[in-house]
Amino acid sequence: MMLAPGIIAFLVALLSVADMFIPRPYDGVVLETDRPGSRRVRAVVPTSGAEQAGIRPGDLIVGIDRDILTTTTHAQELLNRHRIGERVPYLIRSGGQVREVAVELGRRSIGDTSYLYACFLGFLFFLVGTFVVVRQPRLPATRAFSIMCSLFMLFLVCRLRPASYSWVDSFVLTTGTVALLFLPGAFLHFFLIFPRPIWQWRRDPIADTLGWIAKHSSQLLPVYLVPPLVYAGVVLLARQGGGSLALISGAPAANWWVMVFYMALGMGALYLSSRHLPEVHHRRGAGLVFLGTMFGVVPFLVLAVAFPSFLHTERFIFTGVVPLIFVPLTFAYAIVRFQLMDIRVILRKSLLYTVSTALVTAMYALGIASFNWVFRGTELADSPYFPVVFALAIVLLFEPLRHRIQGPVDRFFFAERLRLQRAMVEMGEAFTEERDLRPVVRQLVERLPELLGLHFSALYLIRGGSLQRTAGPDSLPESIEDLPMVADHLQRRGSMMRLDDFAPLRLISHEADHFCSQMSGAGAEVVGLLATPRRTIGMVVLSGKTGQISLEREELDLVRGLLHQASIALETTILLDERARQAELERELKIAASIQAALLPGELMAADGWEVAAICQPAREVGGDFYTQLPGRQVGERSVAYGDVSGKSISAALMMMAAHEVLHSLALTHPDPEDLLHLSNERLYGLRNRGGDLHGGSFVALGFLTFLPNGGKVRYSLAGQPPPLVKRCADVEALCMPDHRLPLGALRQGGYEMLEVELEPGDLLLAYSDGVVDAQSPEGEFFGEERLVDLLNNGASSPQDAIEGVLQGLKDFTHGKAPYDDLTLVAAQWTGAER
């Protein structure tokens, strides 16, 4: 149904062309086209029988073959009775006199080169319009374009043809006039809705009025009705007034000026589209079509309308037709180049290169023929070396010229791909110049809508275990939970997929279904993964194109290459950042370790008759174990507190420093061990429940030893620490445990009590943290208390020897394996000797 009007118009145009070129007896007379059916001579074909008989423009043909003419069709019937070459008498009225002349009939040749060009141009319009409506039959713009192209064809082929005697003449000339009446409306209608209806993206009174008309008449019928009404009006006025009707090429001059006005409005609307459309590729396509239309239509309107109206000459009408070829050619190129009206034309480089090579070959063949013709018969051409040298020159010039042509061909037809490739090169250069590549990748993603003609693109990068949007419209979710199943699916499918291809995954994964629903609801069409074999970095989301066509495979392949390059670069940036943070952390840890080591007493002050030694080794740079010396209740007493904070590394170190300071500050005012432990427990419990980094975190397992002077008594308390060991002459025994030994900070009330044990001279006490007995061998076996007792039994004669023996035993047991937990050892021996 949509092709039917175009097919009918095409058949009428073929009828017009056939009528002009079918061989028939012809006298060489061209009748006046301004009045279909008129017998007034407009022109005489040179060297024809009419010219030889003396017939001149302006003469009136009264009769042929001694029959008085009634119509031009009657004239054709009379001529058809004769054969080519016969002489036929004509009755001519010229200058008020009637005379008879003999005209020799020749072969009909009304159609000249200019008319052939007009026919070619008309059929070119028809082919472009038919191609467009076949590719996108449902778009209003393509239907309007097809109608406009069919009317252009009828106007060029039927309205601009020379008049003849045949019955076809009146029919096709009238059809051409009808095409002239409706062509302005079709022209304006198309440019008001191309590439998008102007009332959809522009807000002003004119656009709003057009939108109101389109709402009530989708085909904009009022736009089409004005030219026919003008035609009817001027014809009626001419008849009522009795005056002559001003005509241009057989149609009222008023309608030609209506066409000028309509085409000016159409080009104005197209200019606004080229400047203000939201989509970049629509603006570029509209700008290209505007230039082609302006260079094609404006000369035609000047030479075909203005000149006949003001200079009263129609000699330049066909000259004005010549530039009209820019209109279909620019439309065809814009469709290929910018996919206007959602039409995708796939051009293979191999095909274009083959055509360009063929053209270059033809040029060289023409050059060779011309050169041979110029130098034919000369001494140079007769030389035996001339063909060889000339052939070598041709070969040497052929390949460079072919390559020089391929560059413009690529830029002309594959500009988007070239821009994507250029973006890859620019990104590669930026990767070598910039250290932080995230802004570079973000800018690249933000350029993708311009490069590919998309509505939008978005970039998500993994931060804190989720995907955070760093570029893209607010309609997309700001963050997306990490989707390992989606990422794995993307990696196995080439890192880039359309959302439609996730259908099988959506059936088995609620997370994938929710993700796809979010993306498709926001207008996304393609999802690309930023990942390397080692890690997932982020995700790129692409919308569909601004038209109805989808991203092509070649475009997706180029984007996939960009994402792969960006993934490697981003991973390098992340690794550099991680290494920098690691180096900074290592430096800070070394500082923290030195501060923590400075908190440990350099030398323990022992009470009279006692030798004391201690050591603390963190499992990492910093740890949670410590020991410290505190004042006793009486003069000469010395107390040692050793602790083990639950947890590792930084958090444990912070709690360890807090516990160290709490013990020292409270010991100044509360030297009694039970009071000190009770208050320290309350203070540390408050720290854990106050908030911040220590909220709900570590507590402190503490051992408290007080060495009394002038005797072998040791008072001790345990708050979560294992019982100390005492080596006596006969054996090694563990000290008794208190009834309550909760770590400090675990509960608000701890109930701590001090116990007492007496050592004989030479007895050795060893207190330790659980990091000693929890040390593991490479096979996973624990060191245990039994091995510790055995080490203490075997030759430990002094506190320092006991500590060194335990450390060596641990080293031999673990075979140098990194310790899992911090360890603290405190050894004391009652010597009985006063200092």
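As shown above, the structure is provided for reference.
Attention here is on the structure that accompanies the text.

Reading the values: rules and limits
- Residues numbered from 1 in each chain as written.
- Predicted model: local features only at pLDDT ≥ 70, side-chain atom pairs only at ≥ 80, totals over all residues.
- Heavy atoms only, no water.
- Helix = DSSP H or I, 4+ residues; strand = E, 2+ residues; numbered from the N terminus.
- Buried < 20%, exposed > 50% of the residue type's maximum accessible area, 1.4 Å probe, protein only.
- Contact = heavy atoms within 4.5 Å.
- Pairing = 2+ DSSP bridges.
- Core = buried A, V, L, I, M, F, W, Y, C linked by side-chain atoms within 4.5 Å.
- Phe/Tyr/Trp six-rings, centres within 6.5 Å; stacked < 30°, edge-to-face > 60°.
- Axes fitted to C-alpha atoms, helices over the stretch in contact; angles between N-to-C directions.
- Parallel < 35°, antiparallel > 145°, perpendicular 65-115°, else oblique.
- Nonpolar A, V, L, I, M, F, W, Y, C, P; charged D, E, K, R; others polar.
- Arc of directions from axis to C-beta.
- Salt bridge = Lys/Arg side-chain N within 4 Å of Asp/Glu carboxyl O.
- Left-handed = near helix turned anticlockwise from the far one by under 90°.
- Patch = residues over 30% accessible without salt bridge, like charges linked within 9 Å, V, L, I, M, F, W, Y side chains within 5 Å.
- Areas by Shrake-Rupley, 256 points an atom, 1.4 Å probe, with all protein chains shown as cover.
- Expected span 1.5 Å × (residues − 1).

## Topic: the overall build of the chain
Helix and strand counts for the chain stand at 27 helices and 26 strands. Within the chain, the proportion of its 835 residues that are buried is 50%. A sequence separation of at least 24 residues applies to 68% of the contacts in the chain between residues at least 6 apart.

## Considerations on the pairing of strand β18 (residues 625-631)
Most of β18 sits inside the fold, with six of its seven residues counted as buried. As judged from the seven bridges shared by β18 and strand β19 (residues 638-645), these two strands associate in the antiparallel manner. Note on β19: the bridge partner recorded for Q629 is V640. A loop of six residues connects β18 with β19, the two strands running antiparallel in sequence, and G636 in this loop sits at a positive phi of about 95 degrees.

## Points about the nonpolar core
Judged by nonpolar contacts, the single largest core of 81 residues is most densely connected at F145, F155, F190, F194, W256 and F300. Considering each element in turn, this core owes the most residues, 13 residues, to helix α5 (residues 140-159). Beyond its immediate sequence surroundings of up to four residues, F194 is in contact with L270, S273, V289, F331, L340 and M341. One finds L604, F626, Y642 and Y716 within the second-largest nonpolar core, a separate group that totals 48 residues.

## Notes on the packing of aromatic side chains
Enumeration according to the criterion identifies 23 aromatic pairs in this entry. Relative to F290, the ring of Y271 has its centre 5.5 Å away and its plane inclined at 55 degrees; by these criteria the two rings are tilted. Residue Y271 is located in helix α10 (residues 253-276), and its partner F290 is located in helix α11 (residues 280-310); the two are separated by 19 residues in the primary sequence. What makes F290 buried here is its relative accessible area of 15%.

## Some thoughts on the sheet that holds β18
Each strand in a sheet pairs with its neighbour through backbone hydrogen bonds, running either in the same direction (parallel) or in the opposite one (antiparallel). Here we have five strands laid out as an open sheet, ordered β18-β19-β20-β21-β24, and antiparallel in their pairing. Of all strands in the sheet, those with a lone pairing partner are β18 and β24 (755-758), marking the two edges. Ignoring which end each strand starts from, the neighbouring axes of this sheet average 20 degrees apart.

## Re the packing of helix α6 (residues 167-193) against α10
Remark: α6 packs on α10, axes separated minimally by 8 Å, with the N-to-C direction vectors making an angle of 10 degrees. Considering their axes alone, α6 and α10 lie roughly parallel with respect to each other. Touching L180, L181, L183, P184, G185, F187, L188, F191 and L192 of α6 are N255, W256, V258, M259, Y262, M263, L265, G266, M267, A269 and L270, all from α10. Counted by class, the contact of α6 with α10 contains 17 nonpolar, three polar and no charged residues.

## So, the sheet that holds strand β23 (residues 732-734)
If you trace the five strands from one edge of the open sheet to the other, you get β17-β26-β25-β22-β23, paired in antiparallel fashion. Looking along the sheet, the strands with just one partner apiece sit at the ends: β17 (610-617) and β23. Between one strand and the next, the sheet's axes are offset by a mean angle of 15 degrees, whatever the strand orientation. For strand β25 (residues 764-768) and strand β26 (residues 823-830), the ladder comprises five bridges, and the chain directions are antiparallel. Paired with A767 across the two strands is V826, which belongs to β26. In the packing of helix α26 (residues 784-793) onto the sheet, the strands contacted are β22 (725-727), β23 and β25, and the crossing angle to β22 comes to about 30 degrees. Strand contacts of helix α27 (residues 799-814): β17, β25 and β26, with the helix running at about 150 degrees to β26, the strand carrying the most contacts.

## A word on helix α19 (residues 484-492)
Of all the positions in α19, only V486, A487, H489 and L490 are classed as buried. Buried residues of α19 fall within an arc of 160 degrees about the axis and therefore sit on the same side. Counted as exposed and oriented over 90 degrees from the buried face of α19: P484 and R492. On its buried side, α19 packs onto β14 (496-498), α20 (503-508), α21 (510-521), β15 (524-531) and β16 (536-543). Backbone geometry just downstream of α19 places G494 in the positive-phi region, at approximately 95 degrees.

## Quick notes on the pattern of salt bridges
Under the definition given, this model contains 19 salt bridges. For the salt bridge of R469 with D474, the shortest nitrogen-to-oxygen distance reads 3.6 Å. Using a relative accessible area of 69% as the deciding quantity, one classes D474 as exposed. With its nearest N and O atoms 3.1 Å apart, the salt bridge here joins R633 to D672. Placement of R633 in the loop between β18 and β19 and of D672 in the loop between α23 (649-667) and α24 (673-690) is noted, with a sequence separation of 39 residues between them. The class of R633 is partly exposed, set by a relative accessible area of 40%. Among the charged side chains, a salt-bridge network with shared partners connects R534, R535, E571 and E578.

## Brief notes about the environment of P228
Looking at where P228 falls in the secondary structure, it is placed in helix α9 (residues 221-241). In this structure, the C-alpha to C-alpha distance between P228 and F182, residues 46 residues apart in sequence, is 7.4 Å.

## Considerations on the packing of α6 against α9
The relative placement of two packed helices is expressed as an angle between their axes plus a distance between the axes. At a minimum axis distance of 8 Å, the contact between α6 and α9 shows a crossing angle of 150 degrees. Between α6 and α9, the interaxial angle falls into the category roughly antiparallel. Seen from above, α6 lies across α9 with right-handed handedness. Within the contact between the two elements, α6 uses T177, L181, F182, P184, G185, A186, L188 and H189 and α9 uses V223, Y224, P227, P228 and Y231. Tallied by class, the residues present in the contact of α6 with α9 amount to 10 nonpolar, three polar and no charged.

## Remarks on a nonpolar patch on the surface
A contiguous nonpolar surface patch, about 430 Å² in accessible area, is contributed by L3, I7, L11, L14 and V134. Here the nonpolar patch takes three residues from helix α1 (residues 4-21), the largest share from any one element.

## A short note on α21
Taking 1.5 Å per residue, 12 residues should reach 16 Å; α21 reaches 16 Å between its end C-alpha atoms and fits that length. On its buried face, α21 sits against β11 (457-463), β13 (479-481), α19, α20, β15 and β16. Looking one or two residues past α21, G523 carries a phi angle of roughly 100 degrees, positive in sign.

## Digging into unusual backbone geometry
One can expect most non-glycine residues to show negative phi and most peptide bonds to be in trans. In this structure, P195 follows F194 across a cis peptide bond, with omega equal to -10 degrees. One can find P195 in the loop between α6 and α7 (198-201). Despite not being glycine, L220 shows a phi value in the positive range, around 55 degrees. By relative accessible area, which is 0% here, L220 ends up buried. For S495, which is not glycine, the phi dihedral falls at a positive 75 degrees.

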